[in-house]
Amino acid sequence: MAQRAREQWGSGFGFLMAAIGSAVGLGNMWRFSYLAAEHGGAAFVILYVLMIFLVGFPVLLAELAIGRGAARGPVQALGFYGGRWWKALGALFVGAGFLIASYYSVIAGWTLRYTLEGIALGFAADPAAHFAEVSTGYDALVWHLLFMAGSLWIVANGITFGIERTASLVMPLLFLVVCGLAVYASTLPGSEGGYRYYLNSDDYASIFSREVLAEAAGQAFFSLSLGMGAMLTYASYLKRTTNLPAQAVIVSLADFAIAFVAGLVVFPLLFALGLQEEVGASTLGALFITLPKAFVGLGIGGRIVGSLFFAALVVGALTSLISLLEVVVASTVDIVGWDRRRSTIWTGIAAALFGVPAALSLDALDVMDQVATNFFLMGGGLALALFTGWVMREPEVEVAAGAGRYRWLRLWIQALRYAVPLILAFIMIGTVPKTIAAISALFE
Ligand code: TRP
């Protein structure tokens, strides 16, 4: 196969914005708040931080090392370090990217619609009825296709010109908007209840439940874009002089910070408007029903704030979706040998079609999300930890390039060998039967 020169990030800042852009998305501003609400606020937040530290960070560093070391997409990279049987794991990664991209685009489509509607018409007076109307069916399908097309256009433009330029432009704006919204929320009378709910818990006992642990670990993986080679693929365009541990620290901190600050927007806002009862009964659609209720209640200011909030979600979703698509596109370029443009078009058509069930049924969407997180991402993370800990030769040498040798890298390898696989296996034993039950319920 002819070896084309591989693209590289134009700057360290550009890579960081792209990687943080991948991490920060619906997971931070939608999934995190709804999980925190469902599992008793602060208790969940604490467990989540623990999971980022114990399993998220080690796997993130492993992905960065493998990707940069091999300078190829997940299939070829795992083949490069582990021999051809390990390519199967890479193929699983690409499949996961494909699956997540297809339903993620449906939710992203809702956010785009809500943003434009908020600006042009204001939020619907009855958000529950509105959501029921637009979340599935023809409406959802059209916005899904629109969002997918826009993301594909960026990916087709390549690493520096497409992905890096977009992320460097929009990610700083997202930070500003989310922080600004948190400040605004704090000025609302009655917001204290939100902080109390979010930052204190009367239910710390639930921390020890396996279910909450599983949700926290799954969320850590989803939010950091781990377990399916997205970070691996982005790292494959990095220079050997980059300090990988520093990148991993910055990306995990920024990702947590945005999720946390998004909570500082959502909870005070809902409590200030007396919508707290609806917080606990959170479901997939919560954000699209309860928050617009709050925005309607705030009048014209609410319309501005609401449009900004949904616009931030659009940005987050866009930079995440392009990272998901990039995994599939990079692999198609590497393996099939097509050029980027052609790979992007075919990937896009396939992913758009695969997302159709999610656009037609919320149950289908929910099951796709569960399968992706509980099965693909955690299973992928487990396999990747074992791979880096036991199969790959001297991963610490790759990490040391550009960073120097740290003593704690030994500890990192021990974590990948024992702690991460044990924690993930323990969790998966609990969640996989549940996921299977949800799948079969779908077909009844
Ligand atoms: N991390 C993104 C979010 O929080 C979603 C995402 C992007 C993702 N790429 C991924 C999730 C890869 C898992 C794997 O919204």
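## Observations regarding the site of the ligand
Taken together, 17 residues lie around the ligand, and Ala23, Gly27, Tyr104, Phe222 and Ser225 are the ones closest in. Within the side chain of Tyr104, an N or O atom sits 2.6 Å from an oxygen atom of the ligand. Residue Phe222 places a main-chain N or O atom 2.8 Å away from a nitrogen atom belonging to the ligand. Listing elements by their share of the shell around the ligand, those giving two or more residues are helix H1 (12–23), helix H2 (26–38), helix H5 (87–120), helix H10 (210–223) and helix H15 (299–336). Of the residues assigned to the shell around the ligand, the class counts are nine nonpolar, eight polar and no charged.

## Remarks on the nonpolar core
In terms of nonpolar packing, the biggest core is built from 157 residues, with Trp9, Ile100, Tyr103, Met228, Val251, Phe288 and Phe309 touching the most fellow members. The leading source of residues in this core is H15, at 18 residues. Every residue in contact with Trp9, bar those within four places of it in the chain, is listed here: Gly14, Phe15, Ala18, Ile159, Thr160, Ile163, Glu164, Tyr234, Tyr237, Leu238 and Lys239.

## A look at the packing of aromatic side chains
Per the stated rule, a full pass over the model turns up 31 aromatic pairs. On the numbers, 5.1 Å between centres and 85° between planes, the contact of Trp110 with Phe288 is edge-to-face. In this pair, Trp110 sits in helix H5 while Phe288 sits in helix H14 (residues 286–297), placing the two residues 178 residues apart along the sequence. On the accessibility criterion, Trp110 (3% relative accessible area) is buried. Look at Phe288 and you get buried, because its relative accessible area is 1%. Both rings, one in Phe295 and one in Phe310, keep their centres 6.3 Å apart while their planes meet at 80°; by these two values the pair is edge-to-face. In this pair, Phe295 sits in helix H14 while Phe310 sits in helix H15, placing the two residues 15 residues apart along the sequence. Taking relative accessible area as the criterion, Phe295 reaches 2% and is therefore assigned buried.

Conventions adopted
Residues numbered from 1 in each chain as written. Predicted model: local features only at pLDDT ≥ 70, side-chain atom pairs only at ≥ 80, totals over all residues. Heavy atoms only, no water. Near = heavy atom within 4 Å. Polar contact = N/O pair within 3.5 Å; in protein donor to acceptor, adjacent residues only side chain to side chain. Helix = DSSP H or I, 4+ residues; strand = E, 2+ residues; numbered from the N terminus. Nonpolar A, V, L, I, M, F, W, Y, C, P; charged D, E, K, R; others polar. Core = buried A, V, L, I, M, F, W, Y, C linked by side-chain atoms within 4.5 Å. Buried < 20%, exposed > 50% of the residue type's maximum accessible area, 1.4 Å probe, protein only. Contact = heavy atoms within 4.5 Å. Phe/Tyr/Trp six-rings, centres within 6.5 Å; stacked < 30°, edge-to-face > 60°.

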